[in-house]
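Chains, contacts and geometry: an overview
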Amino acid sequence: MTEQEINRAVQYVTASTSYGRDMVSDIIRTGLSELESLAANSTTQFERPVLLEYVSRWTIQRTGLPEPLVREVLGYAGRWLDDMCKAVAKEKPELFAEGPSS
């Protein structure tokens, strides 16, 4: 994700919750950094619920913030990302087409 996209996610979550921008940014950036690390270093494919649970727990431990807060912020961020993917899929469905299997 670009910095602009991360900032849009932070803005969306901040507007959707009563949490401050700095806290929301810290949670989102922490979660995304672990997702990036997993994507770069793991060949395992994870189901979305398992991946979300792992990232939530990792973010809770890393930030030291309360579990309900982290889960709510990551939940809103996930909804924002889902909406973005749907919008992109409508405009550029070829980006979501599965390629040939190896």
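Residues numbered from 1 in each chain as written. Predicted model: local features only at pLDDT ≥ 70, side-chain atom pairs only at ≥ 80, totals over all residues. Heavy atoms only, no water.

Moving on, we come to the nonpolar core. Counting 15 residues, the largest nonpolar core has Val-13, Val-24, Ile-27, Ile-28, Val-70 and Val-73 as its most contacted members. Elements represented by at least two residues in this core include exactly α1 (3-16), α2 (21-41), α3 (48-63) and α4 (67-91). For this core, the element with the highest residue contribution is α4, accounting for six residues. Leaving out residues up to four positions away in the same chain, Val-13 has contacts with Val-24, Ile-28, Val-73, Tyr-76 and Ala-77. (Core = buried A, V, L, I, M, F, W, Y, C linked by side-chain atoms within 4.5 Å. Buried < 20%, exposed > 50% of the residue type's maximum accessible area, 1.4 Å probe, protein only. Helix = DSSP H or I, 4+ residues; strand = E, 2+ residues; numbered from the N terminus. Contact = heavy atoms within 4.5 Å.)

Under the definition given, this model contains zero aromatic pairs. The ring of Tyr-76 carries Arg-79 above its face, with NZ or CZ at 4.5 Å from the centroid. (Phe/Tyr/Trp six-rings, centres within 6.5 Å; stacked < 30°, edge-to-face > 60°. Lys NZ or Arg CZ within 6 Å of the ring centre and 35° of its normal.)

This part takes up the environment of Leu-65. Counting through the fold element by element, Leu-65 comes out in the loop between α3 and α4. Measuring from C-alpha to C-alpha, the distance between Leu-65 and Ile-27 comes to 8.6 Å, with 38 residues separating the pair along the chain. What Leu-65 contacts, discounting residues up to four positions off in sequence, is Met-23, Ile-27, Ile-60 and Val-70.

Moving on, we come to the pattern of salt bridges. One pass over the full model with this rule turns up five salt bridges. Here Glu-3 and Arg-29 are joined by a salt bridge, their closest N and O atoms 2.5 Å apart. Pair noted here: Glu-3 is in helix α1 and Arg-29 is in helix α2, with a separation of 26 residues, a long-range link. With a relative accessible area of 44%, Glu-3 lands in the partly exposed category. Here Arg-29 falls in the partly exposed class, since its relative accessible area comes to 30%. A cluster of three or more residues bridged by salt bridges with shared partners is formed by Glu-53, Arg-57, Glu-67 and Arg-71. (Salt bridge = Lys/Arg side-chain N within 4 Å of Asp/Glu carboxyl O.)

Attention now goes to the packing of α2 against α4. Packing of α2 against α4 brings their axes to within 10 Å, and their N-to-C directions diverge by 75 degrees. Put simply, α2 runs roughly perpendicular to α4. Between α2 and α4, the residues in contact are Met-23, Val-24, Ile-27 and Ile-28 and Leu-69, Val-70, Val-73, Leu-74 and Ala-77, respectively. Among the residues forming the contact of α2 with α4, the class breakdown is nine nonpolar, no polar and no charged. (Axes fitted to C-alpha atoms, helices over the stretch in contact; angles between N-to-C directions. Parallel < 35°, antiparallel > 145°, perpendicular 65-115°, else oblique. Nonpolar A, V, L, I, M, F, W, Y, C, P; charged D, E, K, R; others polar.)

Interhelical geometry of α2 versus α3 gives an angle of 125 degrees and a closest axis separation of 9 Å. Between α2 and α3, the interaxial angle falls into the category oblique. For the crossing formed where α2 meets α3, the hand is right-handed. The residues of α3 that touch α2, namely those facing Asp-26, Ile-27, Thr-30, Gly-31, Ser-33, Glu-34, Leu-35 and Leu-38, are Leu-51, Tyr-54, Val-55, Trp-58, Thr-59, Arg-62 and Thr-63. Among the residues making up the contact of α2 with α3, the classes are represented as seven nonpolar, five polar and three charged. (Left-handed = near helix turned anticlockwise from the far one by under 90°.)

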